[in-house]
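Observations on the three-dimensional arrangement
The lines below spell out each chain.
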Amino acid sequence: MNVELIKPYGFCTGALKAIDLVKKVRKDNPDNNIILFGPILHNENINELMNNLKIKVLDLPYEAYSDVIDTLSIDDIVILPAHGHDNYLEEKLLRKGILYVDATCPIIKKIHDLILIDYADRDIIYIGKKSHIEAITTTSLKENIFLFDINYHTDLTQYHISKPIILYQTTLTKYDVKDSIKIIKKIFPDAQEGKTLCRQCTIRQNNLIKSLDDNVFVIVVGSKNSSNTISLLNIYYKTTKNENIMLVNSLDEVKKMNFNKNYKYIITSGTSTPNSIVESIYKYIRSL
């Protein structure tokens, strides 16, 4: 079967560091209760890995994690996942004397530093998805951050905003950002743009676009809960009228597919997808 694996694939550097950090915490603390305040990454295969490591993964409304801290004992260890967090959680954990480990993605951490230090006195319009944890944690950093939801096009005229900086969720597509900025600048023509898309996500989106033609069938490997994975689907539909694409998250799903030798199969993946899953799918299709 004619198949191509688009590189890079599998974990990005930030995702790999987060997973390695969790493994190290378990290795160094074999008998402690370890609690993740949300999925470390948005992928069901990683949740299974956490279960094998005997790490409890909470998946609660974000505001509930503060109350969870009140239920913890001094020997428990908390891991704050890759998508960022409100500094209040750190402060409360410190007050309680509970050990915590910060696995925040370096790119998200850099954006948070920009907001709290470089843009401390500036109003910020943040483009993102209201329900996504990265958007939730980022917009909670200070009062004068105003979310522009890409799905609902928030009415920003209801707020008093002056000379804003525009930032955006790292996992969006360039089309999401471009369309949103166009709307925002009609209201705030003096708004300045700070570029905060994840370079790794953008590279994968661009490489997918370059690979497309009418004889290509795209297999996107990743979770439906992963924003950067869904962005690969969105970029496909933005750049072609075809519907030769499928989202899968395991080899078992691929084995149920009907393959057509008239197509060239292109495999791409989200940055939260384990390399081993992508490689097993590539080897299987190549063997057909």
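In what follows, the structure referred to is the one given above.
Right, let's walk through the structure included here. (Residues numbered from 1 in each chain as written. Predicted model: local features only at pLDDT ≥ 70, side-chain atom pairs only at ≥ 80, totals over all residues. Heavy atoms only, no water.)

Here's the deal with the overall build of the chain
Note the cut-off: The helix and strand labels rest on DSSP assignments: H or I over at least four residues marks a helix, E over at least two residues marks a strand, and numbering proceeds from the N terminus. Only the C-alpha atoms count toward the radius of gyration. The rule for a globule is 2.2 Å times the residue count to the power 0.38. In this scheme, a residue with accessible area under 20% of its type's maximum is buried, one over 50% is exposed, and one in between is partly exposed, where area comes from a 1.4 Å probe on protein chains only. Here a residue-residue contact requires only that any non-hydrogen atoms of the pair lie within 4.5 Å. Working definition of accessibility: Shrake-Rupley area with a 1.4 Å probe, residue cover restricted to the visible protein chains. Asp and Glu are treated as the negative residues and Lys and Arg as the positive ones, with His and the ends of the chain left uncounted. Charge positions are represented by NZ for Lys, CZ for Arg, CG for Asp and CD for Glu.
Broken down by element type, the chain carries 11 helices and 12 strands. Relative to a compact globule of 288 residues, whose C-alpha radius of gyration would be 19 Å, the chain shows 20 Å and is just as compact. Oriented by its inertia axes, the alpha-carbon framework of the chain measures out at about 60 × 55 × 25 Å. Here the chain, with 288 residues, has 51% of them falling under the buried criterion. Sequence separation of 24 or more characterises 70% of the internal contacts of the chain that already satisfy a separation of 6 or more. Accessible surface for the chain amounts to roughly 14,500 Å². Of this, 48% is attributable to carbon and sulfur atoms. Treating the 36 positive side-chain charges of the chain as one cloud and the 34 negative ones as another, the clouds have centres 7 Å apart.

Observations regarding unusual backbone geometry
A negative phi holds for most residues other than glycine; trans holds for most peptide bonds. Pro 8 follows Lys 7 through a cis peptide bond whose omega is -5°. Note on placement: Pro 8 falls in the loop between β1 (3–5) and α1 (13–28). Within the chain, Lys 54 stands out as a residue other than glycine whose phi angle is a positive 60°. For Lys 54, the location among the structural elements is in the loop between α2 (44–52) and β3 (55–58). Here the phi dihedral of His 153 falls at roughly 50°; this positive angle occurs in a residue that is not glycine. Following the sequence through the fold, His 153 ends up in the loop between β7 (145–149) and β8 (165–168).

Description of the nonpolar core
Stated formally: Nine residue types can take part in a nonpolar core, namely buried Ala, Val, Leu, Ile, Met, Phe, Trp, Tyr and Cys, and a core is a set of them joined through side-chain atoms within 4.5 Å.
Counting residues in each nonpolar core, the largest one holds 19 residues, and the members touching the most others are Ile 19, Ile 40, Leu 41, Ile 46, Met 50 and Ile 79. At the level of secondary structure, the elements contributing two or more residues to this core comprise α1, β2 (34–37), α2 and β4 (77–80). Per-element tally for this core: the top contributor is α1, with 5 residues.

So, the pattern of salt bridges
This is how it is decided: Salt bridge criterion: a side-chain nitrogen from Lys or Arg within 4 Å of a carboxyl oxygen from Asp or Glu.
This model, assessed by the stated rule, comprises 6 salt bridges. In this structure, the salt-bridge partner of Lys 264 is Glu 4, at a minimum N-O distance of 2.8 Å. In this pair, Lys 264 is assigned in strand β12 (residues 264–269) and Glu 4 in strand β1, connecting sequence segments 260 residues apart. Among the salt bridges present, the one from Lys 109 reaches Asp 102, with a minimum N-O distance of 3.5 Å. Accessibility expressed as a relative area gives 35% for Lys 109, which makes it partly exposed. Residue class for Asp 102 comes out partly exposed when judged on its relative accessible area of 26%.

All quantities given are derived from atomic positions and should not be read as evidence of function.
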